[in-house]
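Commentary on secondary and tertiary structure
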Amino acid sequence: MLSSEPTGIYGVMAEFDNPTDLVRAANAANAQGYRKMDAYTPYPVEELHHALHLHRNKLPLIVLLGGICGGLTGFLLQVYITVYNFPTNIAGRPLFSWPMYIVITFELTVLFASASATFGLLALCGFPRPYHPVFNVPRFSLATRDGFFLCIEAEDPLFELDKTKTFLTGLDPKEVSEVAN
Amino acid sequence: MPQEPEVLDLQPATKKDILGAGHTLNSVTDQIANVVLTGKMPLLWYGAIAAGLSLLGLFGLTATLLFVKGVGIWGIRIPVGWGWAITNFVWWIGIGHAGTLISAILLLLNQEWRNSINRFAEAMTLFAVACAGMFPLLHMGRPWIFYWMFPYPNAMGIQPQFRSPLVWDVFAVSTYATVSLLFWFVGLLPDLGTMRDSAKHPLQKIIYGILSMGWRGSAKHWALWETCCLLLAGLATPLVLSVHTVVSFDFTIAIVPGWHSTFFPPYFVAGAIYSGFAMVLVLAIPLRSAFHLKGLITDKHLDNCGKVMLATGLIVAYAYILETFTAWYSGNVYEQQAFWNRMTGPYAGYYWFLLTCNIAAPQALWFRKIRQSPAWLFAWSIIVLIGMWLERFVIIVSSLAQDFLPSSWGLFQFTRWDVATFVGTIGLFTFLFFCFVRVLPMISMNEVRMLTPQSKVQREETHVE
């Protein structure tokens, strides 16, 4: 309730008592046509994926590309060093001894893929992001404990402060509050 | 909002439950977060930190002496150049494997009981790998030039030998340490958000706020986080198997009798998980008593860990039998002599003692009474840890001491500095582990929340609170 100007508003947030109510509310908001919204829960709730259209994300692709990069780095590094940069003739054995490169190729594949997974996660989540408007809601600290929140954002084309507020109030929430930007 | 700290220890209703009866989202959060936020540590913590710090001091002293005088302060003499150092390395790295097994493989297998033990088991992995890393570093004798092990353009114009398993080991262990750290951090991220929101002290808020990177429990982030955890688990699973495989390559690629055999990789991996679960139990049993966590780490968890120990112990027993059979069946006189020496030679005492610890003793785990009795399980885990240390000692030392030519044989004698370095790393491990218990939630709050009845989405209205 920090500002009633639509421009200064990030969205409207409703708090629910339990995950069941939250999922029902998210489904109702989705059916109403709201798309720019997000739910906040203390643990992953898979049932929200339908309402929030979360079935796919880019992380697997990032990890695949990272893994391929790692594999190529590992293999080519060893080829370059053992064949061109520092060739050692050991009883005339071939310089390009690819079976011996497998272990390090594998290790670097896993290393690069894991780093891509972690940093990809941070990038796709937009982290680090110490400030976010939702933190302005006083009870929001419960979202990491036992609170269940649904926030319809002002960016949504259907968003109208009063209408959206009335809509959320009709979903049997504990509390509805405006989120200051 | 954070509530007044209280000791609530909700016991499970039956021996088969993995969560205490009556736990809610709030109660699991409080019980885990309050350990850190109130900072009221039980006597065990002070004892462990004191012991850890003292032994860490001993480690510092030994390392300093080693830098001044060289690796000769240890008992390593040709023909036994690896001695306790590499024994300890393999022992520690093996212990780490149980943490990854719990966090990655059991996640892929959808084993919910792992949820309350994965965090501290992963921490155990990190610290065990740190302890393991000390030994190759110190064993080099000149640890300040450790970076020579990595390929980089240098004025000497030389590069590592990529056909050597020792170089593979550098890559395997450093990748393992890095990936374990990343996986651990990703798992911690939501809990750091909880810590930030539950903290009362401004400094705690700031530190956890920075570490949590702005985690706010968004469903979009949770979806990404779950994908990330599954991907990391999928990557860590072959990685953990590869790490001990590569460690075993350090032996099998050499032609030393007693080392040169093809089934070392699975044998080493099983042994690693065996000793790792023993260490998980050695940590979990005192922790759950001292911190009143019996409703989160239940008898069922101990029972399951006991079963994993029994299963991997049987694989290890099979490996011992097969190893001996293969030596006999090979028709290779050196191989046969190496095993005969193991059983009857100067290290026979160690050999038979390790068989008692690793094969005979764990058969007691067939009995549910033993698996569900924390005191017995603790004792049995210590026996397994000793047995697994001896196994590596016998493999390394007995094979090197008596290889091909009897004229080049020599016995290994450990020194007091061997003992000091080893117990020093136990101190390092204890110190790091109990520091972790003090500053980070030792049980994953967000994953345990999913075990509460309150967390399930239902068709009917059910209000547990």
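This is a predicted model, so every value here is computed, not measured.

1. Digging into the overall build of chain A
Scanning chain A from N- to C-terminus turns up five helices and four strands. Listing the helices and strands of chain A from first to last along the sequence gives β-α-β-α-α-α-β-α-β. Considering chain A as a whole, with its 181 residues, one finds that 44% of them fall into the buried category. Sequence separation of 24 or more characterises 81% of the internal contacts of chain A that already satisfy a separation of 6 or more.

2. Observations concerning the overall build of chain B
Secondary structure assignment for chain B yields 15 helices and zero strands. In terms of overall dimensions, chain B is globule-like: its C-alpha atoms have a radius of gyration of 23 Å, near the 23 Å expected for 465 residues. Each principal axis of the C-alpha atoms in chain B carries an extent, and together these give about 80 × 55 × 40 Å. Burial analysis of chain B (465 residues in total) assigns 51% to the buried set. Put simply, of all contacts in chain B between residues at least 6 apart along the chain, 80% involve residues at least 24 apart.

3. Quick notes on the packing of helix α3 (residues 83–108) of chain B against helix α8 (residues 264–290) of chain B
Residues and elements named next belong to chain B. The geometry of α3 relative to α8 is characterised by a closest axis approach of 7 Å and an angle of 75 degrees between their N-to-C directions. By the angle class used here, α3 and α8 are roughly perpendicular. From α3, W91, G94, I95, G96, H97, A98, G99 and L101 reach across to α8, where they touch G271, A272, I273, S275, G276, F277, M279 and V280. Looking at the contact of α3 with α8 residue by residue, the class counts come to nine nonpolar, seven polar and no charged.

4. Notes on the interface of chain A and chain B
Across the boundary between the two partners, chain A contributes 57 residues, which contact 51 residues of chain B. When residues of the side of chain A that touches chain B are traced back to their parent elements, those giving at least two are α1 (19–32), β2 (37–40), α2 (48–52), α3 (59–85) and α4 (102–125) of chain A. Looking at the side of chain A that touches chain B, the element that brings in the most residues is α4 of chain A, giving 15 residues. Per-class residue counts for the side of chain A that touches chain B are 36 nonpolar, 14 polar and seven charged.

5. Regarding the environment of E447 of chain B
Residue and element names in this part refer to chain B. Note on placement: E447 falls in helix α15 (residues 445–449). On the basis of neighbour counts, which here come to 22 C-beta atoms within 10 Å, the residue E447 falls in the buried class. Placed 134 residues apart in sequence, E447 and G313 show a C-alpha to C-alpha distance of 29 Å.

6. Focus: the environment of Y208 of chain B
Residues and elements named next belong to chain B. Structurally, the position occupied by Y208 is in helix α6 (residues 202–212). Distance in space between the C-alpha atoms of Y208 and M195 is 6.2 Å, their sequence separation being 13 residues. Beyond its immediate stretch of four places on either side in the chain, Y208 contacts L192, M195, R196 and A199.

7. Some thoughts on the pairing of strand β3 (residues 148–153) of chain A
Residue and element names in this part refer to chain A. Of all six residues in β3, six are buried; the element is thus mostly enclosed. By the bridge criterion, six bridges tie strand β1 (residues 9–16) to β3 in an arrangement that is antiparallel. Within β3, the residue paired with A14 across the bridge is L150. Where β2 and β3 come together, four bridges link them in antiparallel fashion. Bridge pairing in β3 places Y40 opposite F149.

8. Looking at the environment of I102 of chain B
Residue and element names in this part refer to chain B. Relative to the assigned elements, I102 resides in helix α3. The class of I102 is buried, set by 28 C-beta atoms lying within 10 Å. Sequence separation between I102 and R119 is 17 residues, and the spatial gap between their C-alpha atoms is 9.2 Å. For I102, the residues in contact, after removing those within four places along its chain, are R114, I117, N118 and A121.

9. What to know about α3 of chain B
Residues and elements named next belong to chain B. Between its first and last C-alpha atoms α3 spans 38 Å; for 26 residues at 1.5 Å apiece the expected length is 38 Å, and the two agree. The principal kink in α3, of about 40 degrees, is found at L101. The buried fraction of α3 amounts to 24 of the 26 residues, a majority that puts the element mostly inside the structure. Positive phi shows up at N110, right after α3, with a value of about 60 degrees.

10. Description of the nonpolar core
Counting 188 residues, the largest nonpolar core has L150 of chain A together with V280 of chain B as its most contacted members. If one sorts the elements of this core by residue count, helix α7 (residues 219–252) of chain B sits on top with 19 residues. Counting residues domain by domain, this core receives three or more from each of domain 1 (6–56 + 132–180) and domain 2 (62–125) of chain A. Beyond its immediate chain neighbours, meaning those up to four positions away, L150 of chain A contacts M13, A14, F16, L22, A25, A26, A29, M37 and A39 of chain A.

11. What about the sheet that holds β2 of chain A?
Residues and elements named next belong to chain A. Strand order in this open sheet of four strands is β2-β3-β1-β4, and the pairing throughout is antiparallel. Looking along the sheet, the strands with just one partner apiece sit at the ends: β2 and β4 (175–180). Adjacent strand axes in the sheet meet at a mean angle of 20 degrees when their direction is disregarded.

12. Some words on the domain arrangement of chain A
The figure often quoted for interface size is the accessible area lost as the parts come together. Segmenting chain A into domains produces domain 1 (6–56 + 132–180) and domain 2 (62–125). Computed over C-alpha atoms only, the centres of domain 1 of chain A and domain 2 of chain A are separated by 45 Å.

13. Things to note about helix α11 (residues 348–360) of chain B
Residues and elements named next belong to chain B. Taken together, the buried positions of α11 are Y351, L354, C357 and N358. Each buried residue of α11 sits inside an arc of 135 degrees when the element is viewed along its axis, so together they form one side. On its buried face, α11 sits against α9 (299–329), α10 (333–344) and α13 (374–401).

14. Overview of the packing of α4 of chain A against α7 of chain B
Orientation of α4 of chain A relative to α7 of chain B, taken along the N-to-C sense of each, is 165 degrees, at an axis distance of 10 Å. As far as their axial angle goes, α7 of chain B and α4 of chain A are roughly antiparallel. Our pair here, α4 of chain A against α7 of chain B, has a crossing hand that is left-handed. The segment α4 of chain A lies against α7 of chain B, with V103, F106, V110, A113, S114, A117, L121, L124 and C125 of chain A engaging H221, L224, W225, C228, L231, L232, L235, L239, S242 and V246 of chain B.

15. Digging into the confidence of the model for chain B
Residues and elements named next belong to chain B. Scored by pLDDT, chain B comes out at a mean of 92, with 97% of its residues at no less than 70. Scored below 50 in pLDDT, residues 1–5 makes five contacts in the model with residues more than four places away or belonging to other chains. The low-confidence segment residues 461–465 (pLDDT under 50) makes seven contacts with residues lying over four places distant or belonging to another chain.

16. Topic: the confidence of the model for chain A
All names here are of chain A. Chain-level pLDDT for chain A is 92 on average; 96% of the residues reach the 70-or-more range. β4 is the least confidently modelled element of chain A, averaging 91 in pLDDT, while α4 averages 97, the highest of any element. Ignoring residues within four places in sequence, the model shows residues 1–6, a span with pLDDT below 50, making nine contacts including any to other chains.

17. Structural notes on unusual backbone geometry
Residue P128 of chain A follows F127 of chain A across a cis peptide bond; omega there is -5 degrees. Relative to the elements of secondary structure, P128 of chain A occurs in the loop between α4 and β3. You will see that H53 of chain A, though not glycine, has its phi angle at about 55 degrees, which is positive. Topologically, H53 of chain A is positioned in the loop between α2 and α3. Backbone geometry places N110 of chain B, a non-glycine residue, at a positive phi of 60 degrees. Within the secondary structure, N110 of chain B is located in the loop between α3 and α4 (118–139). Exposure remark for N110 of chain B: the 7 C-beta atoms within 10 Å place this residue in the exposed category.

How each quantity is defined
- Residues numbered from 1 in each chain as written.
- Chains lettered and ligands numbered in written order.
- Predicted model: local features only at pLDDT ≥ 70, side-chain atom pairs only at ≥ 80, totals over all residues.
- Helix = DSSP H or I, 4+ residues; strand = E, 2+ residues; numbered from the N terminus.
- Buried ≥ 20, exposed ≤ 12 C-beta atoms within 10 Å, placed from the backbone.
- Contact = placed C-beta atoms within 7 Å.
- Rg over C-alpha atoms; globule rule 2.2 N^0.38 Å.
- Axes fitted to C-alpha atoms, helices over the stretch in contact; angles between N-to-C directions.
- Parallel < 35°, antiparallel > 145°, perpendicular 65-115°, else oblique.
- Nonpolar A, V, L, I, M, F, W, Y, C, P; charged D, E, K, R; others polar.
- Pairing = 2+ DSSP bridges.
- Expected span 1.5 Å × (residues − 1).
- Bend = angle between axes of the 7 residues up to and from the residue.
- Core = buried A, V, L, I, M, F, W, Y, C linked by C-beta atoms within 7 Å.
- Domains from an automatic or database assignment.
- Arc of directions from axis to C-beta.
- Left-handed = near helix turned anticlockwise from the far one by under 90°.
- pLDDT = per-residue confidence, 0-100.

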